[in-house]
Amino acid sequence: LILKDARIKVINDILSGIRVIKFFAWEDSFEKKVKEVRDSELALLFRSIVYRSLDVFLWVTAVFVFE
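Notes on the structure in this doc start here. Treat the numbers as computed from the prediction; the structure is a model and nothing was measured.

## Observations regarding the overall build of the protein chain
- Broken down by element type, the protein chain carries three helices and zero strands.
- Relative to a compact globule of 67 residues, whose C-alpha radius of gyration would be 11 Å, the protein chain shows 20 Å and is clearly more extended.
- For the C-alpha atoms alone, the extent of the protein chain along its principal axes is close to 70 × 15 × 10 Å.
- Put simply, the protein chain has 67 residues, and 10% of those count as buried.
- In the form shown here, the protein chain has an accessible surface area of approximately 6100 Å², with 68% of it arising from carbon and sulfur atoms.

## Quick word on the environment of Glu 27
- You can see Glu 27 is positioned in helix H3 (residues 27-65).
- Looking at Glu 27, the relative accessible area reads 31%, which means it is partly exposed.
- Along the sequence, Glu 27 and Ile 11 sit 16 residues apart, while their C-alpha atoms lie 12 Å from each other.
- Each residue touching Glu 27, except ones within four places of it in the same chain, is listed here: Ile 21 and Lys 22.

## A few points about a nonpolar patch on the surface
- A contiguous nonpolar surface patch, about 460 Å² in accessible area, is contributed by Val 20, Phe 23, Phe 24 and Trp 26.
- Among the structural elements, Trp 26 can be located in the loop between helix H2 (18-23) and H3.
- Looking at Trp 26, the relative accessible area reads 38%, which means it is partly exposed.

Cut-offs and rules
Each residue is numbered by its place in its chain's sequence as written, counting from 1. For a predicted model such as this one, the threshold for reporting local features is a pLDDT of at least 70, and the threshold for listing and counting side-chain atom pairs is 80 or more; totals across whole chains, interfaces and linings nevertheless cover every residue. For the side-chain quantities, the full set of heavy atoms in the structure was used; hydrogens and water were omitted. Secondary structure elements follow DSSP: runs of H or I of four or more residues count as helices, runs of E of two or more count as strands, with numbering from the N terminus. In this setup the radius of gyration rests on C-alpha atoms only. A globule is expected at 2.2 Å times the number of residues raised to 0.38. For the exposure calls, accessible area comes from a 1.4 Å probe over protein chains only, and a residue counts as buried if that area is under 20% of its type's maximum, exposed if over 50%, partly exposed in between. Working definition of accessibility: Shrake-Rupley area with a 1.4 Å probe, residue cover restricted to the visible protein chains. Contact between two residues is taken to exist if any of their heavy atoms lie within 4.5 Å; hydrogens are not considered. For patch detection, residues must exceed 30% relative accessible area and be free of salt bridges, and they are connected within 9 Å for like charges or within 5 Å for nonpolar side chains (Val, Leu, Ile, Met, Phe, Trp, Tyr). One side-chain nitrogen of Lys or Arg within 4 Å of one carboxyl oxygen of Asp or Glu is enough to make a salt bridge.

Laid out in structure tokens, this is it:
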């Protein structure tokens, strides 16, 4: 959630200052900033999905193990 908020803040900053960004040709630096935040957010989401899958697997198989 924190990373999502950070990404949304960066996007909002870009949208509010798009004229200045275009005027000074800062597109590349802002693109890198958004990409860094998004990559870290995706890594966290992937880790979360893996842990959730493992959790569901353990709950489903526990019935057969302890029977």
